[in-house]
Amino acid sequence: MDRLNRAALGALPPASRPRVDPTELRTRIVHLGIGAFHRAHQALYTESAAARSGEPWGIAAVAPRSAATVDALRAQDCLYSVTERRPEDDVPRVVGALTGAYALGRDGALVHALLTDPEVTVVTLTITEKGYRAAGPDTVIGHLAAGLAARMRSGAAPVSVVSCDNTADNGAVLSRAVRDVVRNSGRPDRERILDRMAEAVAFPATVVDRIVPATTPGDLTATATALGVHDALPVSGEPYRQWVLEDRFTAPRPPWELDGALLVPDVAPYQLTKLRLLNGSHSALAPLGIAAGSTTVADAMAEGWGERLVKALCAEVAPTLPDGGPDPARYADDLVARFRNPAMKHLLRQIAADGSLKITERWLPALRALRERGAATPVLELALAGWVNLTRGHGIPDPAQDALTACWRTGADDTAVVRALLTTVGAPDLADDSALVTAVVRHLPALRAGHVDI
Ligand code: CS2
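Fair warning: this is a prediction, and the values are worked out from it, not measured in the lab. (Residues numbered from 1 in each chain as written. Predicted model: local features only at pLDDT ≥ 70, side-chain atom pairs only at ≥ 80, totals over all residues. Heavy atoms only, no water.)

1. Points about the layout of surface pockets
The volume enclosed by the largest pocket comes to roughly 1400 Å³. Among the secondary structure elements, those contributing two or more residues to the lining of the largest pocket are helix H1 (36–40), helix H5 (128–131), helix H6 (140–153), strand S9 (206–209), helix H10 (268–291), helix H14 (348–352) and helix H15 (355–362). Residue composition of the lining of the largest pocket, grouped by class: 21 nonpolar, 17 polar and twelve charged. There are two domains that each give the lining of the largest pocket at least three residues, and those are domain 1 (6–264) and domain 2 (268–448). One number sums up the size of the second largest pocket: a volume of about 270 Å³. Taken together, 17 residues make up the lining of the second largest pocket; nearest its centre are Ala145, Ala146, Val181, Ser185 and Arg187. Elements with a contribution of two residues or more to the lining of the second largest pocket: H6, helix H7 (170–183) and helix H8 (190–200). Considering every element that reaches the lining of the second largest pocket, the biggest residue donor is H6, with six residues. (1 Å grid on protein atoms, 1.4 Å probe; cavity = no way out; pocket = protein on both sides within 12 Å on 5 of 7 lines; lining within 4 Å. Points joined across faces, edges and corners; volume = space filled by probe spheres on them. Helix = DSSP H or I, 4+ residues; strand = E, 2+ residues; numbered from the N terminus. Nonpolar A, V, L, I, M, F, W, Y, C, P; charged D, E, K, R; others polar. Domains from an automatic or database assignment.)

2. Some details on the site of the ligand
Taken together, Asn166, Val208, Asp209, Arg210, Ile211, Lys274, Asn279, His282, His346, Ile351, Lys358 and Arg362 form the complete shell of residues around the ligand. Taking His282, its side chain carries an N or O atom lying 2.8 Å from an oxygen atom of the ligand. Within the side chain of Lys358, one N or O atom sits 2.9 Å away from an oxygen atom of the ligand. Compared with its free state, where it exposes 340 Å², the ligand has 89% of that area covered by protein. (Near = heavy atom within 4 Å. Polar contact = N/O pair within 3.5 Å; in protein donor to acceptor, adjacent residues only side chain to side chain. Areas by Shrake-Rupley, 256 points an atom, 1.4 Å probe, with all protein chains shown as cover.)

3. Section: the pattern of salt bridges
Scanning the entire structure with this criterion turns up 27 salt bridges. Arg86 serves as the salt-bridge partner of Glu88, at 3.5 Å between the closest nitrogen and oxygen. Where Asp429 meets Arg368, a salt bridge forms, and the shortest distance between an N and an O atom there is 2.5 Å. With Asp429 in helix H20 (residues 428–431) and Arg368 in helix H16 (residues 364–372), the pair connects residues that are 61 residues apart, well separated along the chain. (Salt bridge = Lys/Arg side-chain N within 4 Å of Asp/Glu carboxyl O.)

4. Focus: helix H21 (residues 434–448)
With 15 residues, H21 ought to run about 21 Å at 1.5 Å a step, and its terminal C-alpha atoms sit 22 Å apart, in line with that. Among the residues of H21, Leu436, Val437, Ala439, Val440, Val441, Leu444 and Leu447 are the ones counted as buried. Buried residues along H21 sit in contact with H10, H16, helix H17 (378–390), helix H19 (414–424) and H20. Immediately beyond the C-terminal end of H21, within one or two residues, lies Gly450, with a positive phi of roughly 85°. (Expected span 1.5 Å × (residues − 1). Buried < 20%, exposed > 50% of the residue type's maximum accessible area, 1.4 Å probe, protein only. Contact = heavy atoms within 4.5 Å.)

5. Considerations on the domain arrangement of the protein
Partitioning the protein into structural domains gives domain 1 (6–264) and domain 2 (268–448). For the pair domain 1 and domain 2, the summed buried area comes to about 2100 Å², and 60% of that belongs to carbon and sulfur atoms. Contact with domain 2 buries surface across domain 1, with Glu129, Asn166 and Ile211 losing the most and accounting together for 26% of the total. The interface formed by domain 1 and domain 2 contains four salt bridges. Between Glu238 and Arg338 there is a salt bridge, with its nearest N and O atoms 2.5 Å apart. At the junction of domain 1 with domain 2, the criterion picks out eleven residue pairs in polar contact (both at pLDDT 80 or more). If you list the elements that add at least two residues to the side of domain 1 that touches domain 2, you get H5, S9 and strand S12 (262–264). The residue inventory of the side of domain 1 that touches domain 2, partitioned by class, reads 13 nonpolar, five polar and nine charged. (Buried area = accessible area lost by both parts, 1.4 Å probe.)

6. Let's talk about the nonpolar core
It is characteristic of soluble globular proteins that their nonpolar side chains tend to be buried jointly. Among the nonpolar cores identified, the biggest contains 64 residues, and Leu285, Phe339, Trp363, Leu384 and Trp387 are the most heavily contacted of them. Counting residues in hydrophobic clusters, the runner-up holds 37 residues, among them Ala43, Ala61, Val82 and Val122. (Core = buried A, V, L, I, M, F, W, Y, C linked by side-chain atoms within 4.5 Å.)

7. Focus: the sheet that holds S12
Read across the sheet, three strands follow the order S9-S11-S12 without closing on themselves; strand pairing throughout is mixed. The open sheet has two edge strands with one neighbour each: S9 and S12. When strand polarity is set aside, the average angle formed by the axes of neighbouring strands in this sheet is 15°. Pairing of strand S11 (residues 242–246) with S12, which is carried by three bridges, proceeds in the parallel orientation. Residue pairing across strands places Leu245 opposite Leu263, the latter belonging to S12. Against the sheet, H10 engages S9, S11 and S12, with an angle of about 40° to S9. (Pairing = 2+ DSSP bridges. Axes fitted to C-alpha atoms, helices over the stretch in contact; angles between N-to-C directions.)

8. Quick notes on the sheet that holds strand S3 (residues 80–85)
Judged by pairing direction, the sheet is mixed, and its three strands sit side by side in the order S4-S3-S10 without closing on themselves. On the outer flanks of this sheet lie strand S4 (90–95) and strand S10 (235–237), each paired with one strand and no other. The mean inter-strand angle of the sheet, taken between neighbouring strand axes irrespective of direction, is 25°. Contacting S3 and S4, helix H2 (residues 42–53) runs over the sheet at an angle of about 65° to S4.

9. What about H16?
Residues three or four positions apart in an α-helix share a direction because the helix packs 3.6 residues into each turn. Every buried residue belonging to H16 is among Leu364, Ala366, Leu367 and Leu370, and all of these are buried. All buried residues of H16 lie within an arc of 160° about the axis, which places them on one face of the element. Here the buried face of H16 lies against H10, helix H12 (304–317), H15, H17, H20 and H21. At the C-terminal side of H16, Gly374 shows a positive phi close to 75°. (Arc of directions from axis to C-beta.)

Right, dumping it as structure tokens:
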């Protein structure tokens, strides 16, 4: 079977061809983090914005680590397919938004040149929660900061830098991380660079949303059958997607709103609703579902407790959300429908990864807010018990794995373990909350026996 590339496009069914002619695009966006999420989300908005506006917005996609992804993309002229997984059928199509693919290590000089190129006016990032904690010179943030500093030195062409990760206030978090690297660089002109950046570089906050499961070997075969060509990098996602952006750009950007993106003065109500209801439910379903023997989100939802959990968690957390966002009850109903989609094989283990970072965004601020006002938190307690249970030997990757494992030292009772785990994730205040700790501990025997009681 032929490989997907530009020469193969003419033979594709018309509905599966890119919405743009990739040869007519120019590199105006640099994206850091070439994973499935970007390819199934921002790349589609950009392709559609280019197609509808006629403006040649193309993306140079940069892989922080995986040169293999870059090589595979280059071998197919940076084309790849996205399959929309609907309950009734699968709809694949090829995306033509990428103008180049680069590996940060190997192609560092080229990436640096792109970051200083005045024609590039937008930089986007999907580097996961971990990426913002790692701010040395050889990290993504380090390379970004060096590129932006060089850009400021060479005339300060304005640029907007957009974090597309699931973090509250992600624009400010990214801005701080970048500015810290510049400040710590030891360069004599660093104060001047920081002043220029304050004028010429915007860090708008955004909320990205689309459920994108990791690609499986079965997806490769199914995509090849559907398209008639072999795509080594297919991605798939649910039909739903949303992008909300803070309307604070310092330089030209694609008209993403032509594809349904929302440009708003303040993303916080959308951000907190998404983090606490969608991601919060995901992070609860994952460890509880794994304890109960489920494999995917849809499996867990097919058990009676799955739907009850999502609705109860949303109802518990809703009072902590600011006004101005989506209606929480309706949002919860939509979540149930999205999570139930049987065409999505979204692995609970994928969601459970990096739990120590995720729960601090998704549960703990709401938990604190509720407990401060004396509200009951039974669902978050159950969720926490699920996470505690999972930290013991399930082989789920987590940057804090060693510290988490150390909390289970021999001889410690469950109460001591729960306190130690909460302290490890930066919540000593919650570790001191005896009623909370007792409630979490009480759930552990049932979870160990594979029961989720809700
Ligand atoms: C998930 C998210 O893996 C996870 O932690 O909660 O990736 C989730 O699927 C997306 O944020 C949906 O927009």
